[in-house]
Number of protein chains: 10
Amino acid sequence: MLYLVRMDVNLPHDMPAAQADDIKAREKAYAQQLQHEGKWQQLYRVVGEYANYSIFDVASHDELHTLLSGLPLFPYMKIHVTPLAKHPSSIR
Amino acid sequence: MLYLVRMDVNLPHDMPAAQADDIKAREKAYAQQLQHEGKWQQLYRVVGEYANYSIFDVASHDELHTLLSGLPLFPYMKIHVTPLAKHPSSIR
Amino acid sequence: MLYLVRMDVNLPHDMPAAQADDIKAREKAYAQQLQHEGKWQQLYRVVGEYANYSIFDVASHDELHTLLSGLPLFPYMKIHVTPLAKHPSSIR
Amino acid sequence: MLYLVRMDVNLPHDMPAAQADDIKAREKAYAQQLQHEGKWQQLYRVVGEYANYSIFDVASHDELHTLLSGLPLFPYMKIHVTPLAKHPSSIR
Amino acid sequence: MLYLVRMDVNLPHDMPAAQADDIKAREKAYAQQLQHEGKWQQLYRVVGEYANYSIFDVASHDELHTLLSGLPLFPYMKIHVTPLAKHPSSIR
Amino acid sequence: MLYLVRMDVNLPHDMPAAQADDIKAREKAYAQQLQHEGKWQQLYRVVGEYANYSIFDVASHDELHTLLSGLPLFPYMKIHVTPLAKHPSSIR
Amino acid sequence: MLYLVRMDVNLPHDMPAAQADDIKAREKAYAQQLQHEGKWQQLYRVVGEYANYSIFDVASHDELHTLLSGLPLFPYMKIHVTPLAKHPSSIR
Amino acid sequence: MLYLVRMDVNLPHDMPAAQADDIKAREKAYAQQLQHEGKWQQLYRVVGEYANYSIFDVASHDELHTLLSGLPLFPYMKIHVTPLAKHPSSIR
Amino acid sequence: MLYLVRMDVNLPHDMPAAQADDIKAREKAYAQQLQHEGKWQQLYRVVGEYANYSIFDVASHDELHTLLSGLPLFPYMKIHVTPLAKHPSSIR
Amino acid sequence: MLYLVRMDVNLPHDMPAAQADDIKAREKAYAQQLQHEGKWQQLYRVVGEYANYSIFDVASHDELHTLLSGLPLFPYMKIHVTPLAKHPSSIR
């Protein structure tokens, strides 16, 4: 099942650079692993913002929440999830 | 270049059914043609709403506006466009 | 899978009473059938509003959209869907 | 009487982990006790968010406020309460 | 139990004056009857708007919804209900 | 003249408990004095929130602002004031 | 006492021009009479909008509501009222 | 002086096509005349919407309001005006 | 030219009282000087809020921005500016 | 391709003045370089706010995001991007 997910990142300005770099590195590895597994299907940057729009393909709400709440940046993000259904005019 | 587009349809309740059916049929043909051309890459229904999220891949803002304003449902839709950039963690 | 759904009804004031009564009667029958099937698990009136909060339990996004877009009142409703996951403190 | 309650948690980033763990442990015990008493009837995680939707069944507004303001996480939550009435199409 | 209720009236401009007058007259009689019964405790005009803030004192959510949905102006109003609890600093 | 006032309290999480207790104690005394004087006519807790709805009866805008800005919690509150007029259907 | 009032006018597009002209002429006469009486102290057009910001100086909430609800355009306006107090840095 | 202006057009669906075409033709001529006069400096389409962002350069608020309220589409537009000042980092 | 300006002040709670007092004293002197010069024509307190509505009469957008950005409280305020034009029904 | 960009700056109040001055100096140099290159075509101050509206002319979404995310003030700004298309009534 597909979900559109928007994530807005908001790191505290007083977080030490080393800590921020570590979180971002782990976030990147985690995001790429989920992409390789086919669960995080698409990942785009919102132009001009520290934010992304993503499309996830997972088996259940519970699986999606487990994936999202496991993101290293999760405590610093505002996330909104929209469930997507098949569109009758889609050719896919 | 990629754009995320959300379209919300709002047909007047007093539109004759034949007219609505005609518009919807032309909309579907138009949407499928653009998908076959690779410009309307993805098309999803927002669950529970007469709305869609789509991803377009076109050469310019002008091309996207020409495509969207040519939609048979255009006069009856609220459309919002978000430009998307490559995300540094995307594997694609 | 569970979804919280809010529906706000807005019937046109110039709809003939007989037509409105017919739609409402079909809506009620449809809603009760889905409740008996266990898909529309809960249905509550929002106090003071022509609106409801409901909980659906269905197998997929596509099934939910099919159910909701089949509501006789669908053309006259604003619907918002929130996917629900298991809460770690829930005893159920 | 039934109430739909949405709670959004926002813990300060500089709260020591031990303190956060203690608050969460007490919150969980408290939530489960109220569920066993039948007052906190349902508790769901909003997918992708540190938030929940809940349904409470209590005797009065005062009782609900006492329960909610007693939550260990209360000082760190934004809470919104919606009173629910019986829906004429509900089969329950 | 107490509820704060805000009602915003929006009569269609093409409603015949006689019909509007009739609805308003019935609304007034209904409102005054509920005030005499002690259920509609307070009723104030929002300055400059065709709207009111009211305080109701009723036994249950169901009773309040029955009262509000019985208002002759109900089909033409946007209503929002806020449940009120006893305040620890109140002297009443 | 009557005013509906909503106050939302937001104490900083790092305020020492003794300081918070002192402010709350002074707030309570101040609120009760104004109630005894008949100026703060009603005071209700918004269920589930650290907020209140109140009705003030004072002689002028200036008097109301003086009373509100003198609240010990004033620096920590978001306040919104709505002027209320007599409603033609009110029996009082 | 002073009030800041914003009025947004929204005339139905199908109102006959003669009716609209008549309403506007009566509105203008009414507005100018209240200005001559010193009650409608200031009247400004919001640039680019069919709207105004005004300052009224009246004796009570009730008087203001009577004046505003008597405006010929009242049924076609959205009005918002903000009570104004003396500012400690004002030299007037 | 410069102003950023956003205009959103909303033509009634029941306006006869000939009338709409006439209004649009007059709007275009008017817009081009103001551009030739240097007052309507820039005019851009918002991608996907029947809306524009424009920059006007006029001598006063009154002149801008006269120009905007004279637009043939003015009765069918929602307009928002933002005054612009020189930016200290601008090289112009 | 006239502008309606709303300013909302939000001083950090950890600012030392002496610093806050100094800023407020300089703000008051600055505000009164601009009033004596006729540029800050009116200054009102929004009842119940640490905010004001003001009317400025200056020669240009640049002059207004220079005045506002020079306010000692400027770094701690949210400011919104609305340009005002002459109203055809104004008698002034 | 053209984009309208709004940037709202929000520097932390506890940032040392020397650090803020350094960031602003680098921001100014960066902004002026991009203007000289013709990519940051226009840059205006929003009157009364620490914000700007800008028009960028770049080859792609990716280029715009690279430019914006390279701004020294980027971590302290809220940015919103609107893609602009050619308007049929524009004479340019």
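Residues numbered from 1 in each chain as written. Chains lettered and ligands numbered in written order. Predicted model: local features only at pLDDT ≥ 70, side-chain atom pairs only at ≥ 80, totals over all residues. Heavy atoms only, no water.

Nowhere do chain A and chain G come into contact; their C-alpha atoms are at least 29 Å apart. Left apart from each other, chain B and chain I have a closest C-alpha approach of 25 Å. (Contact = heavy atoms within 4.5 Å.)

Attention shifts here to the UniProt feature "domain: Muconolactone isomerase" (unreviewed entry) in chain A. UniProt feature "domain: Muconolactone isomerase" (unreviewed entry): in the numbering of this structure it lies at residues 1-89 of chain A. In this annotation, residues 1-89 of chain A is assigned 33% helix and 36% strand; the end-to-end C-alpha distance for the span is 18 Å. (UniProt positions renumbered as here; feature names shortened; annotations may be inferred. Helix = DSSP H or I, 4+ residues; strand = E, 2+ residues; numbered from the N terminus.)

Here we come to the interface of chain B and chain A. With 28 residues of chain B at the interface, the matching set in chain A holds 28 residues. Both sides of the chain B and chain A interface together cover about 2700 Å² of buried area, and 63% of this is carbon and sulfur. For the chain B face of the interface with chain A, the top three residues by lost area are Tyr44(B), Arg45(B) and Ile91(B), together amounting to 22%. Counting across the chain B and chain A interface gives 0 salt bridges. Of all the elements in the fold, those that place two or more residues in the side of chain B that touches chain A are strand 1 (2-9), helix 1 (17-36), strand 2 (40-46), strand 3 (51-57) and strand 4 (77-86) of chain B. Among the elements that line the side of chain B that touches chain A, the one with the most residues is strand 2 of chain B, at 6 residues. Residues that form the side of chain B that touches chain A fall into these classes: 14 nonpolar, 10 polar and 4 charged. Bridge count between strand 4 (residues 77-86) of chain A and strand 2 of chain B: 3 bridges; the pairing is antiparallel. Residue pairing for strand 2 of chain B: Lys86(A) is matched across the bridge by Tyr44(B). (Buried area = accessible area lost by both parts, 1.4 Å probe. Salt bridge = Lys/Arg side-chain N within 4 Å of Asp/Glu carboxyl O. Nonpolar A, V, L, I, M, F, W, Y, C, P; charged D, E, K, R; others polar. Pairing = 2+ DSSP bridges.)

What follows covers the sheet that holds strand 2 (residues 40-46) of chain E. The sheet built from 8 strands closes into a barrel, its strands ordered 1(E)-3(E)-2(E)-4(F)-1(F)-3(F)-2(F)-4(E) with antiparallel pairing. Averaged over all pairs of adjacent strands, the angle between strand axes in this sheet comes to 35°, irrespective of strand direction. Pairing analysis gives 8 bridges linking strand 1 (residues 2-9) of chain E to strand 4 (residues 77-86) of chain E, with the strands arranged antiparallel. Across the sheet, Leu2(E) pairs through a bridge with Leu84(E), a residue of strand 4 of chain E. Sheet contacts for helix 2 (residues 61-69) of chain D: strand 1 and strand 4 of chain E together with strand 2 (40-46) of chain F; angle to strand 4 of chain E, the most-contacted strand, approximately 70°. (Axes fitted to C-alpha atoms, helices over the stretch in contact; angles between N-to-C directions.)

Residue and element names in this part refer to chain E. Relative to the helices and strands, Glu 27 resides in helix 1 (residues 17-36). Of the residues examined, Glu 27 reaches a relative accessible area of 9% and is grouped as buried. Through-space distance from the C-alpha of Glu 27 to that of Gly 48 is 20 Å; in sequence the pair is 21 residues apart. Each residue touching Glu 27, except ones within four places of it in the same chain, is listed here: Leu 71, Pro 72, Leu 73 and Met 77. At 2.8 Å, the side chain of Glu 27 forms a polar contact with the backbone nitrogen of Leu 73. (Buried < 20%, exposed > 50% of the residue type's maximum accessible area, 1.4 Å probe, protein only. Polar contact = N/O pair within 3.5 Å; in protein donor to acceptor, adjacent residues only side chain to side chain.)

Here we take up the sheet that holds strand 4 (residues 77-86) of chain J. With antiparallel pairing, the 8 strands of this closed barrel are ordered in space as 1(H)-3(H)-2(H)-4(J)-1(J)-3(J)-2(J)-4(H). Neighbour to neighbour, the strand axes of the sheet diverge by 35° on average, direction disregarded. In the packing of helix 2 (residues 61-69) of chain J onto the sheet, the strands contacted are strand 1 (2-9), strand 3 (51-57) and strand 4 of chain J, and the crossing angle to strand 1 of chain J comes to about 25°.

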